[in-house]
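Residues per chain are reported as follows:
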Amino acid sequence: MTYAFINNKKHERGATMKTLKVIIYGMGAVGQQIVKCLDTKPGIEIVGAIDLRHVGEDIGELSGLGKKLNVCITDDADKLFSETEADVVFHLTTTTVADCVEQLRKPISEGMQILTSAEEMVSPFYYNKEGAEIIDALAKEHNVSVLGSGLWPTYMDVYIPVALSGGCREVERIEYRRHSDFSAYIGSKVLTKFALDMTKDEYEKALADGQVFGHTGFGGTFQIFADLMGWNLEKVVDKLEAFYDDDDNVISLKHSATGICDGEEKIYNEIWASIQEDWVAEDSYYIKAIPEINVTINGGIKGTAPVANCIVNQLPMLLKSEPGIIDKPIVGMRAFDGNIFDQLK
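Cut-off values and rules
- Residues numbered from 1 in each chain as written.
- Predicted model: local features only at pLDDT ≥ 70, side-chain atom pairs only at ≥ 80, totals over all residues.
- Heavy atoms only, no water.
- Core = buried A, V, L, I, M, F, W, Y, C linked by side-chain atoms within 4.5 Å.
- Buried < 20%, exposed > 50% of the residue type's maximum accessible area, 1.4 Å probe, protein only.
- Helix = DSSP H or I, 4+ residues; strand = E, 2+ residues; numbered from the N terminus.
- Contact = heavy atoms within 4.5 Å.
- Phe/Tyr/Trp six-rings, centres within 6.5 Å; stacked < 30°, edge-to-face > 60°.
- Lys NZ or Arg CZ within 6 Å of the ring centre and 35° of its normal.
- Pairing = 2+ DSSP bridges.
- Axes fitted to C-alpha atoms, helices over the stretch in contact; angles between N-to-C directions.
- Expected span 1.5 Å × (residues − 1).
- Arc of directions from axis to C-beta.

1. Side note on the nonpolar core
Residues L20, I34, L38, F90 and L315 are the most contacted members of the largest nonpolar core, which totals 74 residues. In terms of residue count, helix α7 (residues 151–164) provides more of this core than any other element does, six residues in total. Leaving out residues up to four positions away in the same chain, I34 has contacts with I24, F90, L92, A308, I311 and V312. Grouped together as the second largest cluster of nonpolar side chains are 24 residues, I23, A77, F81 and I108 included.

Spelled out as structure tokens, the structure:
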């Protein structure tokens, strides 16, 4: 069988492939979980890994597989992309479209499909139209697809509530609340975005300097829902609230946002992130409609493993898509077992 998505400069168009070759760009906590996830997928081979840390380390040992995969981390991205035969890049290093423009030029030019965890890439034209157009044009020029995905935004705040709304009519309001245990992110950049490694004074200064901004993705998610529901999204109102322990250290941060559509508050999302030992994590949904929907996931969907799973589980959608940015993906994430190529038939 031939696969039309194979189109980088190191393969002939329509070549028969038995192995999907991938590079992991970013070997932090999520990258390590992607290594574990891909190790369970027949038909996929990791052929390279990039990170500014852990240079020279084997990704199997770093990820806790208990075995070597004979793939060592490099910090020379351009050299790896130039010299390595690969079909897909898992891009896990940034949040913004602007960063993606710079970091994805080389792999796209080498004909590699892109799955990125950058939050803005879920709705890139909403956040940075000029940057999105650059990536889209480059991807179409080299006949590859680019997809932004993750746990949130995408799975938790789009796919689940969209599925829940399937049994409703006359939807008036959609709410999603995430109470999240962030202890898994201690030592990472994610913690800094939520000020959970700061004192009260440090938080207030970082907030004023724009270094603390909580979740990225509310606006793009709200635009997706407005488009689906036929609403006109007029503005998004954000609010940050910090909570402190007895020593005035930030122990939790609530970031909420309200989407004003057609003059009414129709969409509400919040993430309340904490590193408290006794924090009760949960994900809850409310849809004001006929009928009303109230759903709570006790304990929440937590940790970095589901983030990695959500990204890997969009591989079939990526590989079946037309060239260019896949904007506002509404379906296409599901668990899969067996050989990746069986999913493409």
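2. Details of the packing of aromatic side chains
One pass over the full model with this rule turns up nine aromatic pairs. Considering the side-chain rings of F218 and F222, the 6.2 Å spacing of their centres and the 40° angle between planes classify their relative orientation as tilted. Placement of the pair is F218 and F222 together in helix α10 (residues 218–229), with a separation of four residues, close to one helical turn. Here F218 matches F222 in class, with each residue buried. Ring centres of W272 and W279 lie 5.5 Å apart, and the angle between their planes is 65°; on these two criteria the pair is classed as edge-to-face. No difference in accessibility class separates W272 from W279, as the two residues are buried. Linked through ring pairs, W152, Y176, F218, F222 and Y285 together constitute an aromatic cluster. If you follow K200 out to its NZ or CZ, it ends over the ring of Y244, 5.4 Å from the centre. Positioned above the aromatic ring of W272 is the side chain of K254, whose terminal nitrogen or guanidinium carbon lies 4.3 Å from the ring centre.

3. Comments concerning the sheet that holds strand β8 (residues 233–244)
In space, the six strands of this open sheet follow the order β8-β9-β10-β7-β11-β12, with mixed pairing throughout. Edge strands, defined here as strands with exactly one partner in the open sheet, are β8 and β12 (293–298). Along the sheet, successive strands turn relative to each other by an average axial angle of 10°, direction set aside. Here strand β7 (residues 169–181) runs beside strand β10 (residues 264–274); their pairing, made up of eight bridges, is parallel. Directly across from E175, in β10, lies its bridge partner Y268. Against the sheet, helix α9 (residues 200–208) contacts β8 and β9 (250–261), and its axis sits at roughly 160° relative to β8. Relative to β10, α10 is tilted by about 145°, and along the sheet it contacts β7, β8, β9 and β10.

4. A closer look at helix α6 (residues 129–141)
Side chains three or four residues apart in an α-helix point the same way, a direct result of the helix having 3.6 residues per turn. The end-to-end C-alpha distance of α6, which contains 13 residues, comes to 18 Å, matching closely the 18 Å that a straight helix rising 1.5 Å per residue would cover. Burial in α6 covers these residues: G131, A132, I135, D136, L138 and A139. Projection of α6 onto a plane perpendicular to its axis shows the buried side chains occupying an angular sector of 165°, all on one side. Structural note: α6 exposes K129, E130 and E141 on the side pointing more than 90 degrees away from its buried face. On the buried face of α6, the contacting elements are α4 (97–109), α5 (124–127), β6 (145–148) and β13 (324–325). Of the residues trailing α6, N143 is marked for its positive phi of about 60°.

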